[in-house]
Amino acid sequence: MIRRKQILIVDDDQEIREMLEITLMEEGYDVLSASDGEAALALLERNRPNLILLDMRMPVMDGWGFARAYASCPGPRAPILVMTAAVDAGTWAREVGACASVAKPFDLNRLLDSIAVHAGSACGPSPASA
């Protein structure tokens, strides 16, 4: 049996999370979601997603804090795709060792293309880049 790829969505905007959950499930992915970095880290204690969609500005634990903590987790780490409304999304993505960034508001088809490319890819945050 082929295991479906799992995507973790980390975003404080409930509408974005719900829209992405529905869309990604319809595309054949298993989906986990968290409203902040701390909740995402708790999910990672029991799950190993193939890709993490990460918002940068969130309460409790922002994207930078999540990326630093995730980089110190043992075992293989999933690549991170940064989703942010900031004009410097690419810079922020590089700061946390992300494979790519998508500007909000995003074109859903472009986001899906990026997810397909990066889910299961070898890159991810390294301890030196987080």
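The rules behind each value
- Residues numbered from 1 in each chain as written.
- Predicted model: local features only at pLDDT ≥ 70, side-chain atom pairs only at ≥ 80, totals over all residues.
- Heavy atoms only, no water.
- Helix = DSSP H or I, 4+ residues; strand = E, 2+ residues; numbered from the N terminus.
- Buried < 20%, exposed > 50% of the residue type's maximum accessible area, 1.4 Å probe, protein only.
- Contact = heavy atoms within 4.5 Å.
- Areas by Shrake-Rupley, 256 points an atom, 1.4 Å probe, with all protein chains shown as cover.
- Salt bridge = Lys/Arg side-chain N within 4 Å of Asp/Glu carboxyl O.
- Phe/Tyr/Trp six-rings, centres within 6.5 Å; stacked < 30°, edge-to-face > 60°.
- Core = buried A, V, L, I, M, F, W, Y, C linked by side-chain atoms within 4.5 Å.
- UniProt positions renumbered as here; feature names shortened; annotations may be inferred.
- Axes fitted to C-alpha atoms, helices over the stretch in contact; angles between N-to-C directions.
- Parallel < 35°, antiparallel > 145°, perpendicular 65-115°, else oblique.
- Left-handed = near helix turned anticlockwise from the far one by under 90°.
- Nonpolar A, V, L, I, M, F, W, Y, C, P; charged D, E, K, R; others polar.

**Q** Describe the overall build of the chain, with residues and values.
**A** Regarding its fold elements, the chain presents 5 helices and 5 strands. Secondary structure elements of the chain, listed N to C terminal, follow the sequence β-α-β-α-β-α-β-α-β-α. Looking at the 130 residues of the chain, the share that counts as buried comes to 48%. Across the chain, contacts joining residues at least 24 apart in sequence account for 66% of those joining residues at least 6 apart. Here the chain has roughly 6600 Å² of accessible surface; of this, 51% comes from carbon and sulfur atoms.

**Q** So what about the pattern of salt bridges? Which residues, and what values?
**A** This model, assessed by the stated rule, comprises 3 salt bridges. Note that K104 and D11 form a salt bridge whose closest N and O atoms lie 2.6 Å from each other. On the criterion of sequence distance, the pair formed by K104 in the loop between β5 (100-103) and α5 (108-118) and D11 in the loop between β1 (6-10) and α1 (14-26) is long-range, its members being 93 residues apart. Here D55 makes a salt bridge to K104, at a shortest N to O gap of 3.5 Å. Taken together, the positions of D55 in strand β3 (residues 51-55) and K104 in the loop between β5 and α5 put the pair 49 residues apart, joining distant regions of the chain. There is no split in this pair, since D55 and K104 are both buried.

**Q** Go over the packing of aromatic side chains with me, naming the residues and quoting the values.
**A** This structure, assessed with the given rule, holds 1 aromatic pair. Ring plane angle 15 degrees and centroid distance 5.5 Å describe the contact between F66 and Y70, whose orientation is recorded as stacked. Here the residue F66 and the residue Y70 both occupy positions in helix α3 (residues 63-71), the gap between them amounting to 4 residues, near one helical turn. A relative accessible area of 2% means that Y70 is categorised as buried.

**Q** If you had to explain the nonpolar core to someone new, which residues and values would you point to?
**A** Core analysis: the biggest nonpolar cluster contains 22 residues, and L8, I52, L54, F66, Y70 and I80 have the highest contact counts within it. The element best represented in this core is helix α2 (residues 37-44), accounting for 4 residues. Core analysis: the second largest hydrophobic core is formed by 18 residues, V31, V102, I115 and A119 among them.

**Q** Run through the UniProt feature "modified residue: 4-aspartylphosphate" (unreviewed entry) in the chain, naming residues and quoting values.
**A** Per the UniProt record, "modified residue: 4-aspartylphosphate" (unreviewed entry) is annotated on D55. What D55 contacts, discounting residues up to four positions off in sequence, is V10, D11, D12, G63, M83, T84 and K104.

**Q** Go over the packing of α2 against α3 with me, naming the residues and quoting the values.
**A** Two elements in contact, α2 and α3, have axes separated by 9 Å at closest approach and are oriented at 25 degrees. When the axis of α2 is compared with that of α3, the two are roughly parallel. As for how α2 packs across α3, the hand of that crossing is right-handed. Taking contact as the criterion, the partners of G37, A40, L41 and L44 in α2 are, on α3, F66, A69 and Y70. The class makeup of the residues in the contact of α2 with α3 is 6 nonpolar, 1 polar and no charged.

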